Amino acid sequence: LVDGWAGQRTHNADKSAEYGSAAGMPPQGEHFPEPAMAAGASTTSEANAGAKVGAAAAAGRDANAAPLQRARNDGSGRHMTTNQAVAVADNQNSLKAGLRGPALLKDFILREKLTHFDHERIPERVVHARGSGAHGYFEAYEDLSALTRAAPFQQAGKITPVFVRFSTVAGERGSKDTARDVRGFAVKFYTDQGNWDLVGNNMPVFFIQDAMKFPDLVHAVKPEPHHGMPQAASAHDTFWDFVSLMPESAHMLMWQMSDRAIPRSYRMMQGFGVHTFRLVNAHGESVFCKFHWTPRLGTHSLVWDEAVKISGADPDYHRRDLWEAIEAGDHPEYELGIQVFSEEQAEGFSFDVLDATKIVPEELVPILPVGRMVFDRNPDNFFAETEQVAFCAAHVIPGIDFSNDPLLAGRIHSYVDTQISRLGGPNFHELPINAPVVPAHNNQRDGMHRQAIHRGRVSYEPNSLAGGCPFQAGAAGFVSFAEPPQGDEVRGKPEKFAEHYAQATLFYDSQSPAERRHIADAFRFELSKVTVPAVRRRVVSMLRNVSGELAAEVARGLGMALPPAMPRVCTTPVTPEVALSPALSLLSRPGEDGIRTRRIAVLVADGSRAMDVTTLHEGLTAQGAVVRLLGPHVGRLQDADGAAFDADASLENEPGVLFDALAVVGGAAAAAVLAADVRALEHLRDGYRHGKPLLFVGEGRQVWDATGVTPLDNDPLLLFAGADADDTVQRFAAAIVRHRYPEREPAML
Ligand code: HDE
């Protein structure tokens, strides 16, 4: 018996039942207790119908914890053993022939330990290698059975457990979090009709239209094969060479060069299913559907200079942010919205809904909010859960089906295929994190690392020896939508796929002035890393088809003449339905939660005024912010009255770029110390340059003066407060709600 497998039998009491006539109908295998069901409920989630949050919903929410419980292992208070559960007497010394003699081959304990260690790494994901996971639940707002028979949407208040993995795409497993990149947003719904994976990204479009080009795209963006550089970056020749020859990437490049590619937090970015999917109801009727996740905290980003500095100060910035928020009970929440439209509507659009380089603008088809997702539990073990989780675009449930998007078609193949090599065989669906919460029954058998022990002699269908079981579900099972065939077999693309620029223009034109400036800056930076001038020119010639303003700005930044526009594949002009879509700007979703979870640094030193520190700490913490006292060193300091207090972190180990806002408190002696500390001045200059709220209380103002920065007139996020002012916390909090003041940037760059 392995420790922690409480409730399991220590021996196989039914051994005899495997033989003789009993084998025709094998006894049921052991089941872990299902979470308690409400009276009349037939599924785990229904048991919690109506229980929105709180204790009543706990059983349903944690339904996926039941299979995980089987695998949890806790060595507290136990002897150390080998993997065969033989107690180990000495874990310090190998077995030797004499104290100074040779180590012996028969030391099976040493050999087992080293052999296991030698195989502790598995291949990383070919893309999305670096990720962070969390457990949680999805709660439906209403009954959507008129649109879909998918289990999570069958009742208002229905709870379905989920596991999410956020990721970057290009970097290796140990790369930095704040690279300019697309973010993966993959959600596994453990529904009572089996697992549904919505494997999305934080951008609603993609670089390419056809799966045939995916390996080329990934080869181009990954480190260049001759020298293995650069890590986690698209700013290099091969990426820009490829995309400049693939003008269908123009729209996605706008998103990737925008602030969306450097999110402030996984908790503050949107997610999208990207492809057009189908919803299918119990009558077999189908509508097209696009999935959108929107964070309750709003959509917020870093600025590039800040992202670069954070990657040195804390390469785990996003992973830590997610982990700490959940540990602190600030559970990240996202709303799920769907855009639903008919095939006839889709035919009338100026773009093709099967083309993953196109969005359906919200102004054309509104987003219907259908539920919310909350992450309330960190994984127990990074490897067992976040690393071994296997998402698959082909994992759909009755009620969800695919469209004919040719990019999606490739994904339906690719995920299981890659996981067979990454996870070492075809049985990774049995790993606790991947196992559905409802039992799986079929005649698939054997393979590497099989864990299920199938009983009986029948592993085929039809059979009579096992009473025909397991039997087909018929209409109760997954029935593919009966889509009529489209025509002759052909390698090619539909007409509307040839238009590559209208939505790139829509995106660029819909951004705020600061967001547009950031896009131009990002193109300039990335292309300045490209060493072949012809590639730079080709990109700028492509940009001329998106926006003359953008192309001119980038050309100026690269010190090159504006090249002619790239010839267009589609020469007939398209009239887009929507010329401006305010929803495409990050500013359109400021969030609902005030300053909750924002990180605020209060710079302190020996001699800081205790009253200022306490007022800020208590006032901001009361509003949900995370306040850290940064001193010249960690540990003990003395306030202006000689009383001891502790700094949480130092100017060295948590530089200012890791915070959303910075404050310097009063106290003449402390101000003199900080004004002479080059690190404090750098942090404040960075904070100003990155547009952050800055507050100086009383003598703290001297520290600002020492930075030598000449501020803009009437900068609303640069605050000075008298030592005893009553409204300091409120003014500072109001500034923090605004996040940034990007108007400072042009003067600072
Ligand atoms: Fe993926 N993708 N992808 N992808 N993808 C993988 O699966 C692939 C695409 C996405 O956190 C791989 O297990 C192909 C679009 C996410 O574990 C692989 C094509 C979108 C994740 C794969 C695409 C995604 C992956 C690598 C084009 C947004 C990480 C390791 C036809 C809708 C999931 C793995 C996690 C991972 C293939 C395009 C999202 C190789 C062939 C479009 C979030 O199977």
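As annotated in an unreviewed UniProt entry, the protein chain is Catalase from Stenotrophomonas acidaminiphila. Its UniProt record gives the protein chain a comment under Sequence similarities (unreviewed entry), which states: "Belongs to the catalase family. HPII subfamily."

1. A closer look at the overall build of the protein chain
In terms of regular secondary structure, the protein chain is built from 21 helices and 18 strands. Taking 2.2 N^0.38 as the reference for a compact globule, 749 residues should give roughly 27 Å; the C-alpha atoms of the protein chain span a radius of gyration of 29 Å, in line with that estimate. By its C-alpha atoms, the protein chain is 90 × 80 × 60 Å across when sized along the principal axes. Relative to its 749 residues, the protein chain shows a buried fraction of 43%. Residue pairs in contact within the protein chain that sit at least 24 positions apart in sequence constitute 75% of those at least 6 positions apart.

2. Regarding helix 5 (residues 237-244)
By the burial criterion, the buried members of helix 5 are Phe239, Trp240, Phe242, Val243 and Ser244. On the buried face of helix 5, the contacting elements are helix 4 (214-221), helix 6 (250-256), helix 13 (513-528) and helix 14 (533-543).

3. Things to note about the site of the ligand
Residues in close proximity to the ligand total 25 residues, the closest being Arg125, His128, Gly184, Ala211 and Gly410. Listed by contribution, the elements that provide at least two residues to the shell around the ligand are strand 2 (159-168), strand 3 (183-191), strand 4 (194-201) and helix 11 (406-422). The dominant element in the shell around the ligand, judged by the number of residues it contributes, is helix 11, at 7 residues. Among the residues forming the shell around the ligand, the class breakdown is 12 nonpolar, 10 polar and 3 charged.

4. Comments concerning the packing of helix 4 against helix 5
Put simply, helix 4 and helix 5 touch, their axes get as near as 7 Å, and they point 145° apart. From helix 4, Asp216, Leu217, Ala220 and Val221 reach across to helix 5, where they touch Thr238, Phe239, Asp241 and Phe242. Looking at side-chain class alone, the contact of helix 4 with helix 5 contains 5 nonpolar, 1 polar and 2 charged residues.

5. Observations concerning the UniProt feature "binding site: heme" (unreviewed entry) in the protein chain
Summarizing the sequence annotation, UniProt attributes the feature "binding site: heme" (unreviewed entry) to Arg125, Arg165, Phe214, Arg411, Tyr415 and Arg422 in the numbering used throughout. On the secondary structure map, Phe214 appears in helix 4. Contacts of Phe214, omitting those with residues within four sequence positions, involve Ile208 and Gly410. On the secondary structure map, Arg411 appears in helix 11. With sequence-adjacent residues up to four places away left out, Arg411 is seen in contact with Ala211 and Ala393.

6. A look at the nonpolar core
Core analysis: the biggest nonpolar cluster contains 170 residues, and Ile600, Val602, Leu603, Val604, Ala663 and Leu674 have the highest contact counts within it. Discounting chain neighbours no more than four positions away, the residues touching Leu674 are Leu603, Ala605, Val664, Ala680 and Val703.

7. Regarding the sheet that holds strand 17 (residues 694-697)
Strand pairing in a sheet relies on backbone hydrogen bonds. The paired strands run either parallel or antiparallel. With parallel pairing, 6 strands are arranged side by side in an open sheet as 15-12-11-16-17-18. Two strands bound the open sheet, and with one partner strand each, they are strand 15 (649-650) and strand 18 (718-721). In this sheet, strand 12 (residues 626-631) lies alongside strand 11 (residues 599-603) in parallel orientation, the contact comprising 5 bridges. Bridge pairing links Ile600 to Val627 in strand 12. Relative to the sheet, helix 16 (residues 610-622) contacts strand 11, strand 12, strand 16 (661-664) and strand 17, its axis offset from that of strand 12 by approximately 155°.

8. Topic: the confidence of the model for the protein chain
Overall, the predicted model of the protein chain reaches an average pLDDT of 92, with 91% of residues at or above 70. Taken together, the stretch residues 1-13 has pLDDT below 50 and engages in 11 contacts with residues farther than four places along the chain or on a different chain. Throughout residues 15-38 the model reports pLDDT below 50, and contacts reaching past four residues in sequence, or to other chains, amount to 29 contacts. In the model output, the complex is listed with pTM 0.92 alongside ipTM 0.98.

9. Brief notes about the UniProt feature "domain: Catalase core" (unreviewed entry) in the protein chain
Here the UniProt-annotated "domain: Catalase core" (unreviewed entry) positions come out as residues 81-469. Taken end to end, residues 81-469 is 22% helix and 19% strand, and its first and last C-alpha atoms sit 41 Å apart.

10. Observations concerning helix 14
Counting buried positions along helix 14 gives 8 out of 11 residues, so the element sits mostly inside the fold. Considered for burial, the residues of helix 14 that qualify are Val535, Arg536, Arg537, Arg538, Val539, Val540, Met542 and Leu543.

11. Thoughts on unusual backbone geometry
In this chain, Met229 is followed by Pro230 through a cis amide linkage whose omega measures -5°. Following the sequence through the fold, Pro230 ends up in the loop between helix 4 and helix 5. Put simply, Glu461 and Pro462 share a cis peptide bond, and its omega is 10°. Along the chain, Pro462 turns up in the loop between helix 11 and helix 12 (502-509). The phi dihedral of His449 falls on the positive side, at around 60°, and the residue is not glycine. Take His449: it is sitting in the loop between helix 11 and helix 12. For Thr597, which is not glycine, the phi torsion reads 70° and is therefore positive. Assignment of secondary structure puts Thr597 in the loop between helix 15 (548-557) and strand 11.

12. Examining the pairing of strand 14 (residues 644-647)
Both strand 13 (residues 635-638) and strand 14 contribute to a ladder of 4 bridges, which runs antiparallel. Its bridge partner lying in strand 14, Leu637 is registered against Phe645. Linkage of strand 13 to strand 14, two consecutive antiparallel strands, is achieved through a turn of 5 residues, within which Gly642 is found at a positive phi near 85°.

13. Regarding the environment of Asp417
With respect to the helices and strands, Asp417 occurs in helix 11. Along the primary structure Asp417 and Ala452 are separated by 35 residues, whereas in three dimensions their C-alpha atoms are 21 Å apart.

14. Describing the environment of Val199
Summarising the element assignment, Val199 is placed in strand 4. The sequence separation of Val199 and Phe391 amounts to 192 residues, and the corresponding C-alpha distance is 6.7 Å. Leaving out residues up to four positions away in the same chain, Val199 has contacts with Ala186, Phe391 and Ala393.

Rules used in this analysis
- Residues numbered from 1 in each chain as written.
- Predicted model: local features only at pLDDT ≥ 70, side-chain atom pairs only at ≥ 80, totals over all residues.
- UniProt positions renumbered as here; feature names shortened; annotations may be inferred.
- Helix = DSSP H or I, 4+ residues; strand = E, 2+ residues; numbered from the N terminus.
- Rg over C-alpha atoms; globule rule 2.2 N^0.38 Å.
- Buried ≥ 20, exposed ≤ 12 C-beta atoms within 10 Å, placed from the backbone.
- Contact = placed C-beta atoms within 7 Å.
- Near = placed C-beta within 6 Å.
- Nonpolar A, V, L, I, M, F, W, Y, C, P; charged D, E, K, R; others polar.
- Axes fitted to C-alpha atoms, helices over the stretch in contact; angles between N-to-C directions.
- Core = buried A, V, L, I, M, F, W, Y, C linked by C-beta atoms within 7 Å.
- Pairing = 2+ DSSP bridges.
- pLDDT = per-residue confidence, 0-100.

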